[in-house]
Amino acid sequence: MEKQGLVHASRAKAAQSLSVLALLCTLGCGTPMAVKHLSAEQVKVQNSYLGALKAYFKVIEEFADAQLKASNFRLDDIAKKAAQDETNEALKPVAAAQDDASRRKILGDLANNVQDTGTAVVEQKHTNAELVAKLKAKHKEMLEAYQNILDAQQKLDDYIQLEKADEVLVNQLVGVVGVNKDRITQSVTDIANIEGQIEKAFKAGVVEQAP
Amino acid sequence: MTLQEILDTLQNTMQQLEDAGVNDTNKHDLRRVITRLKIALEGAIFDPLRELDSVQVPDTSQLKALAVQVQQEIDNEKARVALVQKLVAVSKKVIRAAGVPLPV
């Protein structure tokens, strides 16, 4: 009987200590360091990714600008050659024209044809430039969206890294008692082990006392 | 048939007309068609960019509003921390005043 009472008392005390320390530890753990580290790393990686994204978009935009320049050059060349062909084709009829009216009509048609080609070239240049501008606008939109995502992540990280009130409270309390949190965590583990052993001893005692 | 293939075919026809010494209005019209096609081909290079209209960038406007709320929580938590620190400091003074020794 005496042995059983001792076991009961030890068990109750251990359970009480366990509860108090577990409560302290739970309150004082705050945000786990693994979570803080991952959060900080995520912000760092996202910042770095944003830099890579900006550099990548810059290269693509420079490539598009170069394509646009090359295309404009070719379009100018097409217009120039077309004007030359139109002129060459008009030379013979102008020379063969019987009167000024006929000559004027041929020259008028020549001017119209050259102008039509010129207009088509200008319109195509404008359309192409608009598409490249659209590409740049989309890049800008994507970067702004990513910056917003990053800002939100940074804000979450600010909160995660923040020392919470319960954490501060327990840190202050354990400071008053003169122990550190690691020791509390270790104590909780130790007590849990001791409780397990007491439980085994208690069961063994009950079995021994059983008739 | 791609624009380039059509252009190649027309240019071959043009060449055949020139080789045959043909120099009439039809040949001139064909040359103009080729010119227009060359211009259109310059546009085709940039055509894939038209697909950008269908690329939807996610709406992140909610994130900004929610971040403001998180900032409010951060401010609240800082205020709670300040209060806890003040309470603990006062408690320590009271305990010491009662003659209970505390670690520094």
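Note that the coordinates shown come from a computational prediction; the quantities given were computed from them, not determined experimentally. (Residues numbered from 1 in each chain as written. Chains lettered and ligands numbered in written order. Predicted model: local features only at pLDDT ≥ 70, side-chain atom pairs only at ≥ 80, totals over all residues. Heavy atoms only, no water.)

### With respect to the overall build of chain A
When you go through chain A residue by residue, the secondary structure sums to five helices and zero strands. Secondary structure of chain A in N-to-C order comes out as α-α-α-α-α. Considering only intrachain contacts with a sequence separation of at least 6, the fraction spanning at least 24 residues in chain A is 88%. As presented, chain A carries roughly 13,300 Å² of accessible surface, and 61% of it is formed by carbon and sulfur atoms. (Helix = DSSP H or I, 4+ residues; strand = E, 2+ residues; numbered from the N terminus. Contact = heavy atoms within 4.5 Å. Areas by Shrake-Rupley, 256 points an atom, 1.4 Å probe, with all protein chains shown as cover.)

### Concerning the nonpolar core
In this structure, A64(A), L68(A), L131(A), V132(A), L135(A), F46(B), L49(B) and L52(B) together form the largest nonpolar core, which totals eight residues. If you list the elements that add at least two residues to this core, you get α2 (33-96) and α3 (100-161) of chain A. Per-element tally for this core: the top contributor is α3(A), with three residues. When residues no more than four places from it in sequence are discounted, the contact partners of L135(A) are I60(A), A64(A), L49(B) and L52(B). (Core = buried A, V, L, I, M, F, W, Y, C linked by side-chain atoms within 4.5 Å. Buried < 20%, exposed > 50% of the residue type's maximum accessible area, 1.4 Å probe, protein only.)

### A look at the confidence of the model for chain B
Of all residues in chain B, 98% attain a pLDDT of 70 or more, and the chain-wide mean is 91. Per the prediction output, this complex has pTM 0.73; the corresponding ipTM is 0.80. (pLDDT = per-residue confidence, 0-100.)

### Considering the packing of helix α1 (residues 3-19) of chain B against helix α2 (residues 25-44) of chain B
All names here are of chain B. In contact at an axis separation of 10 Å, α1 and α2 are set at 155° when each is read in the N-to-C sense. Between α1 and α2, the interaxial angle falls into the category roughly antiparallel. Remark: the crossing between α1 and α2 carries left-handed chirality. Residue-level contacts link L3, Q4, I6, L7, L10, Q11, T13, M14, L17 and E18 of α1 to K27, L30, R31, V33, I34, L37, K38, A40, L41 and A44 of α2. Classifying every residue of the contact of α1 with α2 by side-chain character gives 13 nonpolar, three polar and four charged. (Axes fitted to C-alpha atoms, helices over the stretch in contact; angles between N-to-C directions. Parallel < 35°, antiparallel > 145°, perpendicular 65-115°, else oblique. Left-handed = near helix turned anticlockwise from the far one by under 90°. Nonpolar A, V, L, I, M, F, W, Y, C, P; charged D, E, K, R; others polar.)

### Side note on the side chain of Q124(A)
With respect to the helices and strands, Q124(A) occurs in helix α3. The contact partners of Q124(A), leaving out residues within four places of it in the chain, are L75(A), I39(B), A40(B) and G43(B).

### Topic: the layout of surface pockets
In this structure, the largest pocket occupies an estimated 270 Å³ of space. Forming the boundary of the largest pocket are 13 residues, of which K81(A), D85(A), R31(B), I34(B) and K38(B) lie nearest the centre. Among the secondary structure elements, those contributing two or more residues to the lining of the largest pocket are α2 of chain A together with α1 and α2 of chain B. Here the lining of the largest pocket gets five residues from one element, more than from any other, and that element is α2(A). (1 Å grid on protein atoms, 1.4 Å probe; cavity = no way out; pocket = protein on both sides within 12 Å on 5 of 7 lines; lining within 4 Å. Points joined across faces, edges and corners; volume = space filled by probe spheres on them.)

### With respect to the interface of chain A and chain B
Taken together, the contacts link 44 residues of chain A with 39 residues of chain B. For the pair chain A and chain B, the summed buried surface comes to about 3,700 Å²; carbon and sulfur atoms form 69% of the total. The salt bridge partner of E42(B) is R74(A), with a shortest N-O separation of 2.6 Å. Here chain A and chain B share 13 residue pairs in polar contact (both at pLDDT 80 or more) between them. Secondary structure elements with two or more residues in the side of chain A that touches chain B: α2, α3 and α4 (165-177) of chain A. Looking at which element gives the most residues to the side of chain A that touches chain B, the answer is α3(A), with 22 residues. (Buried area = accessible area lost by both parts, 1.4 Å probe. Salt bridge = Lys/Arg side-chain N within 4 Å of Asp/Glu carboxyl O. Polar contact = N/O pair within 3.5 Å; in protein donor to acceptor, adjacent residues only side chain to side chain.)

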